[in-house]
Protein chains: 2
Amino acid sequence: MLFKNEAVKELIEKYRVLWALSHAISLLSWDTETYMPKSGIEERSIAVSELVALRHRLLLSEELGKVVDKASAEEALNNYEAGVVRVVKREIKIAKALPERLVKELAKVTEEARVVWREAKEKDNFEMFKPYLERIVKLNQEKAEYLGYDENPYDALLDLYEEGLKTRDVKEIFDYIGPEIKRILNRVLDEGYYPRKHELEDVKYDVKAMEKVNNEVLRVFGYPFDKARLDISAHPFTINMGIFDVRITTRYEGFDFKRSLLSVVHEFGHALYELQVDERLKATPLAGGVSLGIHESQSRFWENIIGRSREFIEAIYPIMSKELSFLKKYSPEDVYRYFNVVTPSFIRTEADEVTYNLHILLRFHIELQLINNELKVSDVPESWNSLMEEYLGIRPKTYREGVLQDIHWSLGDIGYFPTYTLGNIISAQILYHILRDIPDFYEKISNLEFSDIKSYLREKIHKWGSTYQPKELLRKSFNEEINSSHFIKYLENKYLKH
Amino acid sequence: MLFKNEAVKELIEKYRVLWALSHAISLLSWDTETYMPKSGIEERSIAVSELVALRHRLLLSEELGKVVDKASAEEALNNYEAGVVRVVKREIKIAKALPERLVKELAKVTEEARVVWREAKEKDNFEMFKPYLERIVKLNQEKAEYLGYDENPYDALLDLYEEGLKTRDVKEIFDYIGPEIKRILNRVLDEGYYPRKHELEDVKYDVKAMEKVNNEVLRVFGYPFDKARLDISAHPFTINMGIFDVRITTRYEGFDFKRSLLSVVHEFGHALYELQVDERLKATPLAGGVSLGIHESQSRFWENIIGRSREFIEAIYPIMSKELSFLKKYSPEDVYRYFNVVTPSFIRTEADEVTYNLHILLRFHIELQLINNELKVSDVPESWNSLMEEYLGIRPKTYREGVLQDIHWSLGDIGYFPTYTLGNIISAQILYHILRDIPDFYEKISNLEFSDIKSYLREKIHKWGSTYQPKELLRKSFNEEINSSHFIKYLENKYLKH
């Protein structure tokens, strides 16, 4: 029994209805993206906003408050019990900090902004989106003030997505990796071993065949279809209704097959985290991944460290070429290079491992300046384009391939992007440690033997759910702080010592 | 604007979160039967029971109570406004009447009973299920006392499924139709025009081909796939998340193809009711079919009156025989008779139009005696078998094809069965009226022209949602009480005058 303290048990009991609401809201979201008939959207929006508001009210209810206070006053809680108290208190604190007026305004603005952003992007018209971004920045500034912070208002926003992450941490990471990445990138481009483009990017595939490849790869990973699904949606995502019901999606664009496959491998990484949470945490506040950064470390570990490795690509070459007959013209080495094209490009989601974090650095830079009133929204496009030139040596000719490419700001999310880089860094940090604990890691990949790797991730990360804060989890499992040098070493090893 | 009264508008507003919870609970149920990975069931059960209990608490909240009282005290409400007040008051009254202890006990007993029933049926062992049925009868007797009634405790139970339906009404119906059906049945069996068995019942079909037939028939009906779906589940059902998201399911057993097709036509009838509710009732207490009986009248209208008519079968013969090539050996008339086999049989769900209501009469008889302490649970199997012999001239040799065949009692549902007969009767009543208002009704079916028929049903029944009580709706739309003579005339016309 993980939970012995009576006050904590009472808290878990009282919290269960909030868990149930999250369960339902998750299913509603999944359904909206997969099977909902399209005219259902209006009623669906009403239902979701009612349930979100209801959950908010229950979170702030006096009844729950009393139980939390009681559990919080208990001494000698074990780590799981302390985790429960920490997670619920944090949720309440955030909910309490934001006045209803602000929450409603944000909801209203972003509902419109999402629609306007889509149109603005389509029409390549930044002016359309500008007033919305202005409102969103302003409301996020307000949000930061209500949430509170020690050093920088941006801290308050970061913390929403990554508990405990500070602007200082992110700056430190980028100050180090920024120049290092540029150094590595220049050498990679000079050497030309990794191509800047590959003809397989234009080759069309049969969707049914591709579905078979994706399912076969999931089978090889041991994806538990009795607890998990793969479906199709416009944008790939992972969602979990619990520890025993986790669902991923992918899409089939019909060409450049690695995009579909790697999205499945990426989402598998997210899914595995949720699936391997300790079953005894079921339906408690701890039953789920702890943060976006840790989550992304898992998806990137599978997508990049495993999925883009030579060993993996060689090992699944027979699976791929069996279904995708056009591959027979290409050697496993060809396919490896196709999976690892390196090139400065405009679109973040299509960026390779080397350049990806420069896209995030740019966004971090702009967000930080916006929140600190050091940049006006009207100057964002120019700032974006100059930074692209500075970091990647290319300048977008359209807003669509520049400042309007991401959905995040239209959703009101400022402070989210850095968690992507955090994930990349932590994935490399995990690789460093896994290579010491499982020295034949790459041999296992060659043999498509994943059970030890999955067990390792379960023991170090997954099984804890949200028991420990992200930073604490890393210290506890790897006896180390966030350390971005592992990421640079990983890039050097892979891209400079081939 | 349907709603002008401010107090009613406030009530609708306050009720919306209850509507949202129902929306979510419906989706959770749909997902459980269709796409949920099987290990998800335990968390799903926790989530659903938390949300059902939460909805119950909100229904009984002081806040809602005040708003209902206020709206209830208003004078000169229009019919829609009065409907809102009636529906919410009724929901609260039922929720309030039942003490938590009873609700929990019923939930606990039926959760176990469902599992035990399944096993008892499999093992053909009534003794296993007996103690559960005893508890369920006892709890339903208690329930009736708490709910209150004028004449018979069974009234209180009937009313839960069919607002305003009395034991007296059901008795009156059966007193009339029981002997009439037996008279007709005997003649049909004597004449032999409608066969007792048909070789097509044993013919296997290809599931993919059958799926095409079902989808094509739905297309012919004008099933709006932008607001509706067809999926697969163990037992066919209809569920609605709102007026703009209604979903039906069917199953593919692989033989006796009419079962799959007619289940689709049946569920289409249910779906159409929900889809044609006045859009202005969206997300209000009136946004849904008013009762089980009226609902069943719609499904039976499409399944039996239309779906089993010679005109329909002849008209869709080309659709069916295109995909199901084995049909080419059979004439449309052959297929018509296959769709209309008439024979005394053990299983209610497989019964034909003529015998079906005798299965219900039997159940009504037993339920009524049980609730009135005139029959002991241990005597139910004997009573069942004797009644089968009396009504249908056949005696089940197993419990499986007798008293253990239906799931209803294991779910705690006593008083539900009569709504099936009510549906059958009302469907024939609607036919009587539609033939006066649309004299070329059958010609339209021959031409697969359904828009006028759908409009008629919309105007008379669907668009009102739950605005009027079932009996009131019939009076208003057809200027008539429930009248079972139409059903008998329908049977006579179809089965004796061919």
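Residues numbered from 1 in each chain as written. Chains lettered and ligands numbered in written order. Predicted model: local features only at pLDDT ≥ 70, side-chain atom pairs only at ≥ 80, totals over all residues. Heavy atoms only, no water.

1. Things to note about the sheet that holds strand β3 (residues 246-250) of chain B
Residues and elements named next belong to chain B.
1) Next: Pairing is mixed across the open sheet formed by 3 strands, whose spatial order is β1-β3-β2. Both outer strands of the open sheet, β1 (228-232) and β2 (238-240), are each paired with one neighbouring strand and no more. Within the sheet, the average angular offset between the axes of one strand and its neighbour, ignoring direction, is 20°.
2) Next: Helix-sheet contacts for helix α1 (residues 6-34) involve β1, β2 and β3, and the interaxial angle to β1 is about 35°. (Pairing = 2+ DSSP bridges. Helix = DSSP H or I, 4+ residues; strand = E, 2+ residues; numbered from the N terminus. Axes fitted to C-alpha atoms, helices over the stretch in contact; angles between N-to-C directions. Contact = heavy atoms within 4.5 Å.)

2. A word on the sheet that holds strand β2 (residues 238-240) of chain A
All names here are of chain A.
1) Next: Read across the open sheet, the 3 strands follow the order β1-β3-β2; overall the sheet is mixed. The two strands at the open ends of the sheet, each matched to only one other strand, are β1 (228-232) and β2. Geometrically, the sheet is characterised by an average inter-axis angle of 20° between neighbouring strands, direction not taken into account.
2) Next: With 3 bridges joining them, β2 and strand β3 (residues 246-250) adopt antiparallel strand pairing. Across the sheet, residue I239 finds its bridge partner in β3, namely R247.
3) Next: Each of β1, β2 and β3 is contacted by helix α10 (residues 258-275), which is oriented at about 170° to β3, the strand it contacts most.

3. Description of the environment of K96(B)
1) Next: Considering the arrangement of structural elements, one finds K96(B) in helix α4 (residues 79-97).
2) Next: A C-alpha to C-alpha distance of 27 Å links K96(B) and W464(B), two positions 368 residues apart in sequence.

4. A few points about the packing of helix α14 (residues 356-371) of chain A against helix α16 (residues 418-437) of chain A
Residues and elements named next belong to chain A.
1) Next: Relative to each other, α14 and α16 sit at 145°, their axes nearing to 8 Å. Between α14 and α16 lies a crossing of left-handed hand. Facing α14, whose interface residues are Y356, N357, I360, F364 and E367, α16 presents P418, Y420, T421 and N424.
2) Next: Its residues placed into classes, the contact of α14 with α16 shows 5 nonpolar, 3 polar and 1 charged. (Left-handed = near helix turned anticlockwise from the far one by under 90°. Nonpolar A, V, L, I, M, F, W, Y, C, P; charged D, E, K, R; others polar.)

5. A look at the relation of the copies chain B and chain A
1) Next: Superposing chain B onto chain A takes a rotation of 180° combined with a translation of 0.1 Å along the rotation axis, leaving an RMSD of 0.1 Å. The superposition of one copy onto the other is thereby described by a two-fold rotation axis. Ranked by how close their C-alpha atoms come to the rotation axis, the residues of chain B are headed by A24(B), at 3.1 Å. (Least-squares fit on C-alpha atoms with pLDDT ≥ 70 in both.)

6. Considering the pairing of β1(A)
Residues and elements named next belong to chain A.
1) Next: Most of β1 sits inside the fold, with 4 of its 5 residues counted as buried.
2) Next: Pairing geometry for β1 and β3, over 5 bridges, is parallel. Opposite A228, over in β3, you have V246 as the bridge partner. (Buried < 20%, exposed > 50% of the residue type's maximum accessible area, 1.4 Å probe, protein only.)

7. Some words on the interface of chain B and chain A
1) Next: Facing the 40 residues of chain B at the interface are 40 residues of chain A.
2) Next: With both sides pooled, the region where chain B packs onto chain A buries about 3,300 Å², and carbon together with sulfur makes up 65% of that total.
3) Next: The three residues of chain B that bury the most area against chain A are Y35(B), P37(B) and E43(B), which together make up 19% of that side's buried surface.
4) Next: Scanning the region where chain B abuts chain A turns up 6 salt bridges.
5) Next: Linking chain B with chain A are 18 residue pairs in polar contact (both at pLDDT 80 or more).
6) Next: Looking at the side of chain B that touches chain A, the elements with two or more residues in it are α1, α2 (41-59) and β1 of chain B.
7) Next: Per-element tally for the side of chain B that touches chain A: the top contributor is α1(B), with 11 residues.
8) Next: Of the residues in the side of chain B that touches chain A, the class split is 22 nonpolar, 4 polar and 14 charged. (Buried area = accessible area lost by both parts, 1.4 Å probe. Salt bridge = Lys/Arg side-chain N within 4 Å of Asp/Glu carboxyl O. Polar contact = N/O pair within 3.5 Å; in protein donor to acceptor, adjacent residues only side chain to side chain.)

8. Topic: the pairing of β3(B)
All names here are of chain B.
1) Next: Among the 5 residues in β3, 5 count as buried, and that is most of the element.
2) Next: Of the two faces of β3, the one holding V246, I248 and T250 and the one holding R247 and T249 are both buried throughout.
3) Next: Between β2 and β3, which follow one another and run antiparallel, lie 5 residues.

9. Remarks on the nonpolar core
1) Next: Among the nonpolar cores identified, the biggest contains 348 residues, and F301(A), W302(A), F301(B) and W302(B) are the most heavily contacted of them.
2) Next: Excluding its chain neighbours within four sequence positions, the residues that come into contact with F301(A) are I306(A), S427(A), I430(A), L431(A), I434(A), F441(A), I453(A) and L457(A). (Core = buried A, V, L, I, M, F, W, Y, C linked by side-chain atoms within 4.5 Å.)

10. Looking at the side chain of K130(A)
Residues and elements named next belong to chain A.
1) Next: Secondary-structure assignment places K130 in helix α6 (residues 126-147).
2) Next: Overall, the relative accessible area of 18% leaves K130 in the buried class.
3) Next: In contact with K130, not counting residues within four places along its chain, are V377 and S378.

11. Brief notes about helix α11 (residues 292-306) of chain B
All names here are of chain B.
1) Next: Here α11 is 15 residues long and its end C-alpha atoms lie 20 Å apart, about the 21 Å a rise of 1.5 Å per residue gives.
2) Next: At R300, α11 shows its largest bend, some 35°.
3) Next: α11 sits mainly inside the fold: 14 of its 15 residues count as buried. (Expected span 1.5 Å × (residues − 1). Bend = angle between axes of the 7 residues up to and from the residue.)

12. Considerations on helix α9 (residues 207-221) of chain A
All names here are of chain A.
1) Next: The end-to-end C-alpha separation of α9 is 21 Å, in line with the 21 Å expected for 15 residues at 1.5 Å each.
2) Next: Here α9 has its buried residues at A209, M210, V213, N214, V217, L218, V220 and F221.
3) Next: Tucked inside the fold, the buried residues of α9 contact β1, β3, α10, α11 (292-306), α12 (310-323) and α18 (451-460).
4) Next: Following α9 by one or two positions, G222 adopts a phi angle in the positive range, close to 80°.

13. A short note on the packing of aromatic side chains
1) Next: Inspection of every chain in the model, using the stated rule, returns 63 aromatic pairs over all chains.
2) Next: When the centroid spacing of 5.0 Å and the interplanar angle of 75° are considered together, the rings of F441(A) and Y442(A) count as edge-to-face.
3) Next: An angle of 65° between the planes, with centres 5.9 Å apart, marks the rings of Y194(B) and Y336(B) as edge-to-face. Of the two residues, Y194(B) is situated in the loop between α8 (167-191) and α9 (207-221) and Y336(B) in helix α13 (residues 332-339); the sequence distance between them amounts to 142 residues.
4) Next: The buried category is assigned to Y194(B), whose relative accessible area is 2%.
5) Next: The buried category is assigned to Y336(B), whose relative accessible area is 4%. (Phe/Tyr/Trp six-rings, centres within 6.5 Å; stacked < 30°, edge-to-face > 60°.)

14. Remarks on the pattern of salt bridges
1) Next: By the definition in use, this model includes 104 salt bridges over all chains.
2) Next: Put simply, R86(A) and E163(A) hold a salt bridge, and the shortest N to O gap is 2.9 Å. Taken together, the positions of R86(A) in helix α4 (residues 79-97) and E163(A) in the loop between α7 (153-161) and α8 (167-191) put the pair 77 residues apart, joining distant regions of the chain.
3) Next: With a relative accessible area of 10%, E163(A) lands in the buried category.
4) Next: Residue K471(B) pairs with D169(B) through a salt bridge whose shortest N-O separation is 2.9 Å. A residue pair is termed long-range when its members are at least 10 positions apart, and K471(B) in helix α19 (residues 470-478) and D169(B) in helix α8 qualify at 302 residues.
5) Next: Taking relative accessible area as the criterion, K471(B) reaches 25% and is therefore assigned partly exposed.
6) Next: By sharing partners, the salt bridges in this structure join R251(A), E253(A), D256(A), K258(A), R259(A) and E350(A) into a single network.

15. Description of the environment of E201(A)
All names here are of chain A.
1) Next: Here E201 is to be found in the loop between α8 and α9.
2) Next: Sequence separation between E201 and K460 is 259 residues; the distance between their C-alpha atoms is 36 Å.
3) Next: In this structure E201 touches F255, D256, K258, Y338 and V341, once residues within four positions along its chain are discounted.

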